[in-house]
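Analysis of the macromolecular model
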Amino acid sequence: MTARTEILQRLRAQRREVNVPHPWQSRQRFDDLGQQFAAALTAVYGKVYLAASLEEASGQLGQLLAELGARRVVANDELLLSALDPAARWPDLVWHIVGQTPGDLRAFAAAADVGLSSAAAAIAETGSLLIASGPGRSRLVTLLPPVHVVLLPARLLITDLFTFIAARGGEMPANMTFVSGPSKTADIEQTMSIGVHGPKQLSVILYQE
Amino acid sequence: MTATMREFRDRATIAIEDVRLQTALEAATGRFCTARAAALAKLPWVEAMRDQFKAMRAATLANLAQHLEQFERQATAVGAQVHWARGGAEACAIVTGIAQRRGVTLVTKSKSMATEEIHLNTALAQAGIQPVETDLGEWIIQLAGEAPSHIIAPAIHKTKEQVAALFAQELGQTELPADIPALTAVARQMLRAKFLAAGMGISGGNLAVAETGSVVLVTNEGNGRMVTSAPPVHVAVIGIEKIAPTWDDAALWLSLLARSATGQPMSIYTTVVTGPKRAGDPDGPEEVHVVLLDNGRSQLIGSKYEEILQCIRCGACLNICPVYREAGGHAYGSPYSGPIGAVLSPLLFGLEKYPALPHASSLCGACKEVCPARIDLPRMLLELRADLVAQGLASPVEQFLEQGAALTMRSSRVWQFVTAMGRWGQRPLLQNGRLTLPASLNPVGERQLPHLAAKSFRELWRQGEV
Ligand code: SF4
């Protein structure tokens, strides 16, 4: 008998009819999703910048890149980012746009100063960004560089995990990560240390459209 | 590993005498407890949430076969390969087999209790494949050649000086400063190279979602993302009980997991893996494998111990447990320590190997109180104690006393005779009207018990005195 058959047979022999509880409904309410998102993310050492328009957001992005002293930036190819056309806007920087720039994405991302992306959604309660894989959206862009910068339109904010699940439609991407702060550890003497394997800095530019 | 009474006592004594370890344990568990309480306090409806979670976990286990089959169907539909393993050896063979077929010599691992449980690292090393743990705490204990001492903080027992010495040795240097940010940076650099070079990433799974065939991994460091994104092959090893039928269930699970574990509203990274990379994805693994591990779990379904399978390994019961807080994780002689370990280790690995663990508890009930699934750990500890006696695994003295007690209490005549004997026999031990135990049971001389009263309640009643 295969392992599969054996395990399933044993489980089936003990099967019982039970009442499945109704799904939990979100009870969370926030007056201002943006404020809650910013508060939650700032509490875990993320940085949040607020902008009134995409234009202002791109100004803040330019300033941020300058402050970071960024030279090499790797960016996901997302509708929102291409509207910005960052490579034309900041021609002094070395850009790698996923799927557009020829060359080794992985090697570039591993040596990049900043990874730039948008998000599929953002959860206000926990200050989490939903980063999904897909065409033009590399996993390594948001993971390997020491700084991850996210351009986030305010319309993508939702209340909590339950509202996200309720609104979720279609199929799952191969990889979806809820990012809720810069990488951290407390594994040595329970002392918090930022930036182990993932980005050491997470900056979100949250803008109104 | 095993935990007989003597082994447990000896290992616990070492821990209790280690002043530095005691301080570290007290600080860490205390901090986790405070953070957990604060996080739960922010959700006024959390008690209802826990009730619902328990009901969901119980309902899932009652119908586990169906959920596992659905998971398998969905995962296979998106291109993942699902494997089933009856035990540790079978699971190890599956994982090493995948590595060998792909010609892998280096694998990176993110933290996984399931792979600790089956000693996967030993199996990989024997097959000539180098496993590198990448959770900082796990890596530290891997370098030290030790076992984890806490489910979510495996290196709780190590000082920064010890970590600096281990890293220096690994780097081939004579010395490194014992500075935590600097040590973290060293780990980042050394492990980054491994992530990029590894031919395969191995992870556990905090849960698997049947509805979409997804495996969910929770980390703070980002190593979970690395092992599922950088290497060309990803293998997840996950216990068959860790299934959430739907995403609604998964959301409930995730809402309680990090809050109960570290007091975070959400861990830094919650990664959902649904099959290998799709057409058009710029990166990601070409192959994703999920190994569903039984290893004694299916035997528990339908038994009086089924409830233990509701556990989500948050570690809250460890942090609150007065025995764990003194004895530390290593005393338990199992990857699973604390109250959850005291119940799970004998059930998965054999009561005869872990006869001490059902006794490693004062039955104070704090674990049940904090468990997100409200698992009745004290009940199961008592059931296991009864099993020890029933299976003749208790010590001869305990066996004799238990059987004697049973005999005495069955008949009122015998009871009266024995208590009369006791009243007479206690005299040499009486001091100021209290029973003082002999020195062997009373090393500090402080233990006193109330004595047997001159007249029993029954006698008082009969004589009209009450
Ligand atoms: S038994 Fe409960 S408290 Fe303990 S680790 Fe499991 S889920 Fe957490």
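Before any of the text, the structure's been laid out above.
Residues numbered from 1 in each chain as written. Chains lettered and ligands numbered in written order. Predicted model: local features only at pLDDT ≥ 70, side-chain atom pairs only at ≥ 80, totals over all residues. Heavy atoms only, no water.

The next thing to look at is the interface of chain A and chain B. Where interface size is quoted, it is often the accessible area lost as the parts come together. If you look at the interface, chain A gives 72 residues, while chain B gives 96 residues. A combined buried area of about 7,100 Å² lies between chain A and chain B, and 58% of that area is made up of carbon and sulfur atoms. The three residues of chain A that bury the most area against chain B are Trp24, Ile188 and His197 of chain A, which together make up 12% of that side's buried surface. Summed over the shared surface of chain A and chain B, the number is nine salt bridges. The partner of Glu306 of chain B in a salt bridge is Arg16 of chain A, with the nearest N and O atoms 2.6 Å apart. Our count for the chain A to chain B interface comes out at 41 residue pairs in polar contact (both at pLDDT 80 or more). When residues of the side of chain A that touches chain B are traced back to their parent elements, those giving at least two are helix H1 (3-13), helix H6 (105-111), helix H7 (161-167), strand S9 (175-179) and strand S10 (184-185) of chain A. It is H1 of chain A that provides the largest number of residues to the side of chain A that touches chain B, a total of eight residues. (Contact = heavy atoms within 4.5 Å. Buried area = accessible area lost by both parts, 1.4 Å probe. Salt bridge = Lys/Arg side-chain N within 4 Å of Asp/Glu carboxyl O. Polar contact = N/O pair within 3.5 Å; in protein donor to acceptor, adjacent residues only side chain to side chain. Helix = DSSP H or I, 4+ residues; strand = E, 2+ residues; numbered from the N terminus.)

Residues Val414, Phe417, Val418 and Met421 of chain B make up a contiguous nonpolar surface patch of about 340 Å² in total accessible area. With respect to the element layout, Phe417 of chain B can be found in helix H19 (residues 412-425). (Patch = residues over 30% accessible without salt bridge, like charges linked within 9 Å, V, L, I, M, F, W, Y side chains within 5 Å. Areas by Shrake-Rupley, 256 points an atom, 1.4 Å probe, with all protein chains shown as cover.)

Moving on, we come to the site of the ligand. All residues adjacent to the ligand are Cys311, Ile312, Arg313, Cys314, Gly315, Ala316, Cys317, Ile340, Cys371, Pro372, Ile375 and Leu377 of chain B. Among the residues forming the shell around the ligand, the class breakdown is 10 nonpolar, one polar and one charged. (Near = heavy atom within 4 Å. Nonpolar A, V, L, I, M, F, W, Y, C, P; charged D, E, K, R; others polar.)

Turning our attention to the pairing of strand S7 (residues 147-153) of chain A. All names here are of chain A. With seven of seven residues buried, S7 lies mostly within the body of the structure. By the alternation rule, side chains of S7 split into Val147, Val149, Leu151 and Pro153 and His148, Val150 and Leu152, which are all buried. In this structure, strand S4 (residues 114-117) lies alongside S7, joined through four bridges in parallel fashion. Bridge pairing links Leu116 to Val149 in S7. Here seven bridges tie S7 to strand S12 (residues 201-207), and the two strands are oriented parallel to one another. Bridging across to S12, Val147 finds its partner in Gln201. (Buried < 20%, exposed > 50% of the residue type's maximum accessible area, 1.4 Å probe, protein only. Pairing = 2+ DSSP bridges.)

Judged by nonpolar contacts, the single largest core of 111 residues is most densely connected at Phe8, Phe71 and Ile308 of chain B. Sorting elements by how many residues they give to this core places helix H12 (residues 247-261) of chain B first, with nine residues. Not counting residues up to four positions away in its chain, the partners in contact with Phe71 of chain B are Val82, Ala208, Val209, Ala210, Gly213, Ser214, Val215, Ile243, Val290 and Leu292 of chain B. Core analysis: the second largest hydrophobic core is formed by 34 residues, Val141 of chain A together with Val132, Ile180 and Met226 of chain B among them. (Core = buried A, V, L, I, M, F, W, Y, C linked by side-chain atoms within 4.5 Å.)

Let's shift gears to the sheet that holds strand S12 (residues 434-436) of chain B. The pairing of strands in a sheet comes from backbone hydrogen bonds and takes either a parallel or an antiparallel form. Residues and elements named next belong to chain B. Spatially, S11-S12-S13 is the arrangement adopted by the three strands of the open sheet, whose pairing is antiparallel. On the outer flanks of this sheet lie strand S11 (430-431) and strand S13 (448-450), each paired with one strand and no other. Of the pairings in the sheet, the one linking S12 to S13 comprises three bridges and is antiparallel in character. In the strand pairing of S13, Thr436 is matched with Gln448.

This paragraph deals with the packing of helix H9 (residues 160-171) of chain B against helix H10 (residues 180-197) of chain B. All names here are of chain B. Put simply, H9 and H10 touch, their axes get as near as 11 Å, and they point 30° apart. Crossing hand, H9 versus H10: left-handed. Here Lys160, Val163, Ala164, Phe167, Glu170 and Leu171 of H9 come into contact with H10, specifically with Ile180, Leu183, Val186, Ala187 and Met190. By residue class, the composition of the contact of H9 with H10 is nine nonpolar, no polar and two charged. (Axes fitted to C-alpha atoms, helices over the stretch in contact; angles between N-to-C directions. Left-handed = near helix turned anticlockwise from the far one by under 90°.)

All names here are of chain B. Applying the stated rule across the entire model yields 36 salt bridges over all chains. We note a salt bridge from Arg325 to Glu26, for which the minimum N-O separation is 3.0 Å. Taken together, the positions of Arg325 in helix H14 (residues 322-327) and Glu26 in helix H2 (residues 19-41) put the pair 299 residues apart, joining distant regions of the chain. It is possible to trace a salt-bridge network through shared partners that takes in Lys54, Lys304, Glu307, Arg379, Glu383 and Asp387.

Moving on to the packing of aromatic side chains. Inspection of the entire model under this criterion finds nine aromatic pairs over all chains. Between Phe8 of chain B and Tyr332 of chain B the ring centres are 5.5 Å apart and the planes differ by 85°, which places this aromatic pair in the edge-to-face class. Here Phe8 of chain B, found in helix H1 (residues 5-17), pairs with Tyr332 of chain B, found in the loop between H14 and helix H15 (338-349); they are 324 residues apart in sequence, far enough to count as distant. On the accessibility criterion, Phe8 of chain B (10% relative accessible area) is buried. A relative accessible area of 0% places Tyr332 of chain B in the buried class. Judged by centre distance (6.5 Å) and plane angle (10°), the rings of Tyr336 of chain B and Phe349 of chain B are stacked. Of this pair, Tyr336 of chain B sits in the loop between H14 and H15 while Phe349 of chain B sits in helix H15, and the two are 13 residues apart along the sequence. Pair check on accessibility: Tyr336 of chain B and Phe349 of chain B agree, each one buried. Ring pairs connect the aromatic residues Phe8, Tyr324 and Tyr332 of chain B, which therefore count as one cluster. One residue, Arg72 of chain A, lies across the ring of Phe108 of chain A, its end atom 4.3 Å from the ring centre. (Phe/Tyr/Trp six-rings, centres within 6.5 Å; stacked < 30°, edge-to-face > 60°. Lys NZ or Arg CZ within 6 Å of the ring centre and 35° of its normal.)

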